[in-house]
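Examination of the molecular architecture
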Amino acid sequence: MSVQLENEIKNSVAATLKEEQRTQILYSVGDIQSLLGTTSDTVHLLLFEFAKLLDELSKVSSIDEVKAASFNTSQIFRSLLQKHTNGEFEFPYEHKGLEKVEADIEQRAQGITNIIKTNNT
């Protein structure tokens, strides 16, 4: 069997598995709109809390002030961190693999950027 044919078969199998996973997610976890809503909520929460943290940290001049400035943000995420530490839930990226996650981020970011750049010229 040629290398090209082997690669085509591997890609086809991978695409089929990905579609099966997406179907399971759709029926077991939530529809696209729900998943997008959760993603949006997550991003907004992180963005806002990170901005507040940076604002507070920009005003500190001692380690005690750093601890005080970060206290509120740490409290917001403490429950989530504790549940994760206790094994109550896991994040998908932990099983997908960091290299794959980074590659997906880079690929999608560049693809969108290329479209925006093309349409802005």
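Residues numbered from 1 in each chain as written. Predicted model: local features only at pLDDT ≥ 70, side-chain atom pairs only at ≥ 80, totals over all residues. Heavy atoms only, no water.

The subject of this paragraph is the pattern of salt bridges. Counting across every chain of the model gives 7 salt bridges. Between K52 and E49 there is a salt bridge whose closest N-O contact spans 3.2 Å. Here the residue K52 and the residue E49 both occupy positions in helix α2 (residues 32-57), the gap between them amounting to 3 residues, near one helical turn. A network of salt bridges, in which partner residues are shared, links K96, K100, D104 and R108. (Salt bridge = Lys/Arg side-chain N within 4 Å of Asp/Glu carboxyl O. Helix = DSSP H or I, 4+ residues; strand = E, 2+ residues; numbered from the N terminus.)

This part covers the confidence of the model for the chain. Across the chain, pLDDT averages 90, with 100% of residues at or above 70. Looking at the elements of the chain, mean pLDDT is at its lowest for helix α1 (residues 3-28), recorded as 81, and at its highest for helix α3 (residues 63-85), recorded as 95. (pLDDT = per-residue confidence, 0-100.)

Tracing the chain through its elements places T73 in helix α3. Apart from the residues within four sequence positions on either side, T73 is in contact with E49 and L53. (Contact = heavy atoms within 4.5 Å.)

Further remarks concern α3. Across its 23 residues, α3 extends only 26 Å between first and last C-alpha, which sits more than 12% below the 33 Å expected from 1.5 Å per residue. Largest kink in α3: about 45 degrees, centred on F77. Once α3 ends, the next one or two residues include G87, with phi positive near 80 degrees. (Expected span 1.5 Å × (residues − 1). Bend = angle between axes of the 7 residues up to and from the residue.)

So, about the packing of aromatic side chains. On inspection of all chains with the given rule, the structure shows 2 aromatic pairs. Aromatic pair F89 and F91: ring centres 5.1 Å apart, planes at 80 degrees, arrangement edge-to-face. Of the residues examined, F89 reaches a relative accessible area of 25% and is grouped as partly exposed. Overall, F91 belongs to the partly exposed group, its relative accessible area being 31%. (Phe/Tyr/Trp six-rings, centres within 6.5 Å; stacked < 30°, edge-to-face > 60°. Buried < 20%, exposed > 50% of the residue type's maximum accessible area, 1.4 Å probe, protein only.)

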